[in-house]
Amino acid sequence: MLPYTGSVQRWATSDPATDEVLRIWYVAVTRSLRLAAIALLEEGIDALAHLLAARRVPVRIV
C-alpha cells in the first residue's frame, strides 16, 4: 500500500485535502472495521509505527 520511499513522511506531513493519494489511503484505512494491513518498505516500518502509536492506533508488525 505504501510502496515508495518517503511514503510515511508524505502520510505524516501532506494535506489530504490537496493530495488525492492520501485521500485514497484515508478512505481505505478508516473504512476498515477491525483490521487494516499496510505493506511498506522495511525502512519505513519504524516511522509508521511511531506515527500510528502517537495517535493511539494499535500496531502489530509481522
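Q: Which residues make up the overall build of the chain, and what are the values?
A: For the chain, the helix and strand inventory stands at three helices and zero strands. Ordered by position from N to C terminus, the α and β elements of the chain give α-α-α. Radius of gyration (C-alpha) of the chain: 11 Å, near the 11 Å computed for a compact globule of 62 residues. Dimensions of the chain along its principal axes, counting C-alpha atoms only, are 30 × 25 × 20 Å. Looking at the 62 residues of the chain, the share that counts as buried comes to 18%. By element, 57% of the accessible surface of the chain is carried by carbon and sulfur atoms, the whole surface being about 5100 Å².

Q: Just give me the short version of unusual backbone geometry, but keep the residues and values in it.
A: Unusually for a residue other than glycine, Arg 56 sits at a positive phi of about 60 degrees. In this structure, Arg 56 sits in the segment after α3 (45–54). For Arg 56, a relative accessible area of 79% corresponds to the exposed category.

Q: Help me get a handle on α3, residues and values and all.
A: Burial in α3 covers these residues: Leu 48, Ala 49, Leu 51 and Leu 52. End-on, the buried residues of α3 take up no more than an arc of 165 degrees, which puts them together on one face. Residues of α3 that are exposed and point more than 90 degrees away from the buried face comprise Asp 46, His 50 and Ala 54. Where α3 is buried, its residues meet α1 (7–13). Two residues or fewer past α3, Arg 56 is found with a positive phi of approximately 60 degrees.

What counts, and at which threshold
- Residue positions within a chain follow its written sequence, with the count starting from 1.
- It should be noted that, the model being predicted, local features are given only for residues of pLDDT at least 70 and side-chain atom pairs only at 80 or more, the latter also being counted only at that level, while totals for whole chains, interfaces and linings use all residues.
- Working from all heavy atoms in the structure, the side-chain values ignore hydrogens and water.
- For the purposes of this entry, the term helix denotes a DSSP run of H or I that reaches at least four residues, the term strand denotes a run of E that reaches at least two, and both are numbered from the N terminus.
- Each radius of gyration reported is based on C-alpha atoms, and the globular scaling rule is 2.2 Å times the count of residues to the power 0.38.
- Relative accessibility decides the category of a residue: with a 1.4 Å probe and only protein chains considered, values under 20% of the type maximum give buried, values over 50% give exposed, and everything between is partly exposed.
- Computed with the Shrake-Rupley method and a 1.4 Å probe, the accessible areas treat only the protein chains shown as cover for residues.
- Here the arc refers to the set of directions running from the helix axis out to each C-beta atom.
- It only takes one pair of heavy atoms within 4.5 Å for two residues to be counted as in contact.

Bear in mind that shape data such as this cannot, by itself, settle questions of function.
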